[in-house]
Every structure is written in structure tokens, then in C-alpha cells.
Amino acid sequence: MSVKCRDIMWLMEDLAPSSYAEEWDNPGLNVGDAESEVKKILVALDATEAVIDEAIEKGADMIVTHHPLLFHPVKKINYDRPDGRKIIKLIKNGINMFAAHTNLDSAKGGTNDTLARLIGLENISVLTAECGDGEGMGRIGDIPGDMTLGMLSVKVKETLGLDAVRVVGNLSSKVKKAALCTGAGMDFLDDAIDAGCDVFITADVRYHEAMDAIDKNIALIDGTHYATENIIVPVLADYLRKKLSNRGVRDVEVLESSVDGQTFVHI
């Protein structure tokens, strides 16, 4: 059974409708031919040059990522420019590049639901409903058991496979209700406060934002942008495998990228 790039695009649309995406975002087919045949898919967080090289090496003809390759108009496509080099490599090797970004953040079963499930939150609901059917950015949930901020921070660290997390707040304080937003979510801090949360789990926290959280009496756990979102890679790969299998497709292979794209290390 022949599978086209367009078929994979529709499967991704079913999971994360493009209508859920923020206006500034650029999800969808960033590079490629929707009518081309697909035999092997590589799932990754980003279409970095290392990931594109991995796709070439493994013979993938489609890359599905969370982050788009292109956010801004490209005026020049030259091999000596990073974006140009990536685009040229994709085209020369016949690789389609598709992204589901903020639409996947908002969607049921997307990045935020995945993080909430892995951390073990209960009674999960949407932090800020932005989509017509009640889906939206971030999640809120109850923290089971008798847990302190320090204990929750260790749980987040271990769940995300990190050497350390950055924490704002009293590590001995009890935390009962958490909000979270994968990636850069500090725009939703006040939503977490309005929801009565004790702690907000996100990434990319800046100094003055941390000071603001202290003033507003809410704790923060920064799990890094990469780690809070890379958790979606196996989820996406498994989703595509199951959907293709249910349609009787046996000759399309779905791989998970082995590239470590973490930009921060602790020494």
C-alpha cells in the first residue's frame, strides 16, 4: 500500500489540528512535496543539521518534528547559511520536513498532556483554553501524596532525565496543585496563579521572571526547553506506527531520532 507525504500530514492533522496553532507559528510542511511517496519517517524535536544528516544516513524520506524549521521568510538559500544548508540538504535528498508545534502543545495527547502524565498529575485540565473545543495551552493538575517543592523538583528532574533543574521557591514548602507549560511558558504564569497553583513547571525562565514569581508567591521549576518537549518524540512515533498499522500499512518504518539536541549541560 503506497503512502504519500500528504497521508502522514493528515494523520498529524487529526492529532494536532493546524487551527490550534498560534498566529505567529509555522506548522505544517515546511519543505517538501505532499504528493511524494514515504517509506521511512524520522521523528525528532528539531530539524537540526545533525537530525537531517541522521535522516540521510538512515534513508528517511520524511522528518516529523515539533519545532518548525522555518519561522521567518527566507530571502536567500545559500549553502554557507545554516537555514539554507538545511533546506538544500532536504531537497537534494528528497526529504519532506513537517512540523506540529503550538497546535501539538494545545492538542489532547500533545506535549502538555504528555508532561502532566509523566509527572503523575491527577484531575488534569487545561490551563488556558484557546481553541474552540476547549483545548489550549498548558495543563493544571493535583499533585498526589504529601509532596514538597524539593521532592517534586527531583521527580521532574528524574522524569526528564536531567542532571539538574532550576528551582525558584522554598524547597521545604508543600505543593498540592501544579500548572505546567512545556517549552517557554512564562507568559502563562498569571494563569497559573489565578488557578490557585502552588508551582509552575516550564522552561526558559529569566531572572526578572523568577523575581516576579517570588513576589507573587508561586514556585517555579525550569526543566529546560529541550527536555520538557523532547518527551513528545516517542509519543509521536508510537502514534504514527499505530495509525499506519490500523490502516494495514506494513512497509512504512517510523524511527525516533537518536540525536541529543540538549543545548545546556551542567558541569
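Residues numbered from 1 in each chain as written. Predicted model: local features only at pLDDT ≥ 70, side-chain atom pairs only at ≥ 80, totals over all residues. Heavy atoms only, no water.

**Q** Break down helix α6 (residues 149-159) for me, citing the residues and quoting the values.
**A** Those residues of α6 lying buried are Leu149, Gly150, Leu152, Ser153 and Val156. Down the axis of α6, the smallest arc covering the buried residues is 160°, so these residues share one side. Lining the buried residues of α6 we find α5 (111-119), β7 (166-168), β9 (199-203) and β10 (219-222). (Buried < 20%, exposed > 50% of the residue type's maximum accessible area, 1.4 Å probe, protein only. Helix = DSSP H or I, 4+ residues; strand = E, 2+ residues; numbered from the N terminus. Arc of directions from axis to C-beta. Contact = heavy atoms within 4.5 Å.)

**Q** Which residues make up the packing of helix α2 (residues 49-58) against helix α3 (residues 82-92), and what values go with them?
**A** Taken N-terminus to C-terminus, the directions of α2 and α3 make an angle of 15°; their axes are 10 Å apart at the nearest point. For the element pair α2 / α3, the angle class is roughly parallel. Handedness of the crossing formed by α2 with α3: left-handed. Only Arg85, Lys86, Lys89 and Leu90 of α3 make contact with α2, whose side of the interface consists of Glu49, Ile52, Asp53 and Ile56. When grouped by side-chain class, the residues that make up the contact of α2 with α3 number three nonpolar, no polar and five charged. (Axes fitted to C-alpha atoms, helices over the stretch in contact; angles between N-to-C directions. Parallel < 35°, antiparallel > 145°, perpendicular 65-115°, else oblique. Left-handed = near helix turned anticlockwise from the far one by under 90°. Nonpolar A, V, L, I, M, F, W, Y, C, P; charged D, E, K, R; others polar.)

**Q** Please give an account of the sheet that holds strand β4 (residues 96-99) that cites residues and values.
**A** As summarised here, the arrangement of the five strands in space is β1-β4-β3-β2-β11, forming an open sheet in which the pairing is mixed. Strands at the two margins of the open sheet, each flanked by one partner only, are β1 (28-31) and β11 (253-256). Sheet twist, expressed as the average angle between the axes of neighbouring strands with direction ignored, equals 25°. With four bridges joining them, strand β2 (residues 40-44) and β11 adopt parallel strand pairing. Looking across to β11, one finds that Ile41 is bridged to Val254. Packing against the sheet, α2 makes contact with β2, β3 (62-65) and β11, and its axis sits at approximately 155° to β2. (Pairing = 2+ DSSP bridges.)

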